[in-house]
Amino acid sequence: MRWREIKHTKKQHHKQPQAPAVRYAGFGSRALGFVTDIFMIGLPVTLLIVAIFGYDETKRAGAMDVIVQSEAAVSNAPDPLVSIIQILLSMAVYTFMWRRNGQTPGKKMARTRVVDAKTLHNASWFQLAVRFIGYFISAITLIGFFIGFMRRDKRALHDLISRTAVIYE
């Protein structure tokens, strides 16, 4: 056997193993996780705010009232300090859970996780904070949540802004 033939057969035997295909989470799984998280994270945070600042805070106008500038927002405006504390507390819980293992309770139930879009490993604290803020941008535009329908990787606006992706476990 000639050296060229031996060298050629060695190359065939030492092929690099293919990386497993990434399965990006679809809209249904993501929506299920999001709704679950509203109850599993949002409700306890709200109850904590009520316990600290009192029941009267629940009677004030909500964020959507302020955004659409309804009459309730003018007559019974929310306390900005309480709103900021509630948002920061929610942000702390979400980013901590995403950073720890890429999952919130809703994402765990949907068997999905948040990862860095490039490395597919846990995203950085900064990326996760930007992702949380991006949720508000997606909510205000509404189209931000539905961008994933037009993309192969199913990433929404907040994922694109933060360079993250949601994948199946």
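Conventions used here
The numbers attached to residues start from 1 for each chain and follow its sequence in the written order. Under the rules for a predicted model, residues below a pLDDT of 70 receive no local features and side-chain atom pairs below 80 are neither given nor counted, while totals for whole chains, interfaces and linings still include all residues. Only hydrogens and water are set aside; all other atoms, that is, all heavy atoms of the structure, feed into the side-chain values. A run of H or I in DSSP counts as a helix once it spans at least four residues, and a run of E counts as a strand once it spans at least two, with each numbered from the N terminus. Definitions used for this entry: grid spacing 1 Å over protein atoms alone; cavity, a set of points where a 1.4 Å probe fits but cannot get out; pocket, an open set with protein on both sides within 12 Å along at least 5 of 7 lines; lining residue, one with an atom within 4 Å of a point. Grid points are joined across faces, edges and corners, and a volume is the space filled by probe spheres set on the points. By the convention adopted, Pro, Cys, Tyr, Trp, Phe, Met, Ile, Leu, Val and Ala count as nonpolar, Lys, Arg, Asp and Glu as charged, and the other residues, Gly among them, as polar. By definition here, a helix of n residues has an expected span of 1.5 Å times n minus one. For each residue, the accessible area found with a 1.4 Å probe, counting protein chains only, is set against the maximum for its type, and the residue is called buried under 20%, exposed over 50%, and partly exposed in between. It only takes one pair of heavy atoms within 4.5 Å for two residues to be counted as in contact. Polar contacts, as used here, are pairs of N or O atoms within 3.5 Å; protein pairs need one atom able to donate a hydrogen and one able to accept it. Residues neighboring in sequence count only if both atoms are side-chain atoms. Throughout, nonpolar core names a set of buried Ala, Val, Leu, Ile, Met, Phe, Trp, Tyr and Cys residues whose side chains join them through atoms within 4.5 Å. Comment: axis = line fitted to C-alpha atoms, over the contacting stretch for helices; angle = value between 0 and 180 degrees taken between N-to-C directions. Here roughly perpendicular refers to angles of 65 to 115 degrees, roughly parallel to angles under 35, roughly antiparallel to angles over 145, and oblique to all remaining angles. In a left-handed crossing the near helix is turned counterclockwise from the far helix by less than a right angle, and in a right-handed crossing that turn is clockwise.

Novice: Honestly, the environment of A72 in this entry has me stumped. Any pointers?
Specialist: Looking at the element boundaries, A72 is found in helix α4 (residues 71-75). Between the alpha carbons of A72 and R60 there is a distance of 7.9 Å; along the sequence they are 12 residues apart.

Novice: Just to check I follow, could you spell out the layout of surface pockets for this structure?
Specialist: Roughly 290 Å³ of internal volume is contained in the second largest pocket. As for the second largest pocket, its lining consists of 16 residues, and the residues nearest its centre are F27, R30, A31, F145 and H158. Broken down by secondary-structure element, the contributors of at least two residues to the lining of the second largest pocket are α2 (27-53) and α7 (125-141). Sorting elements by how many residues they give to the lining of the second largest pocket places α2 first, with 5 residues. Taken together, the residues of the lining of the second largest pocket sort by class into 9 nonpolar, 3 polar and 4 charged.

Novice: Would you explain helix α5 (residues 80-101) in this entry?
Specialist: In an α-helix, one full turn covers 3.6 residues, which means residues spaced three or four apart are oriented alike. Across its 22 residues, α5 extends 32 Å between first and last C-alpha, which sits within 8% of the 32 Å expected from 1.5 Å per residue. For α5, the complete set of buried residues consists of V82, S90, M91, Y94, T95 and W98. Here the buried face of α5 lies against α2, α6 (105-109), β1 (112-116) and α7. In this structure D79 caps α5, since a side-chain oxygen of it lies 3.2 Å from the backbone nitrogen of L81. Positioned one or two residues after α5, G102 has a phi angle of 80°, which is positive.

Novice: When you look at the nonpolar core in this model, what are you seeing that I'm missing?
Specialist: Across soluble globular proteins, nonpolar side chains have a tendency to be buried as a group. Grouped together as the largest cluster of nonpolar side chains are 13 residues, with contacts concentrated most on Y94, W98, V114, L128 and F132. Counting only elements with at least two residues in this core, the list comes to α2, α5 and α7. Excluding anything up to four places from it in sequence, L128 contacts T95, W98, R99, V114 and A123.

Novice: I tried to follow the packing of α2 against α5 on my own but got confused; where do I start?
Specialist: Pairs of packed helices are described in terms of their axes, by the angle between the two and the distance that separates them. Closest axis-to-axis distance for the α2/α5 pair is 10 Å, and the angle between their directions is 140°. It follows that α2 is oblique to α5 by the angle criterion. In the packing of α2 onto α5, the handedness of the crossing is right-handed. Along the contact surface, α2 presents D37, I38, I41, V45, T46, L48, I49 and F53, while α5 presents V82, I85, Q86, L89, S90, V93, Y94 and M97.

Novice: Would you mind showing me how to read α7 here?
Specialist: Its 17 residues place the ends of α7 25 Å apart at the C-alpha level, agreeing with the 24 Å of an ideal helix rising 1.5 Å per residue. Listed in full, the buried residues belonging to α7 are Q127, L128, A129, V130, R131, F132, G134, Y135 and S138. One or two residues past the end of α7 sits L142, with phi positive at roughly 60°.

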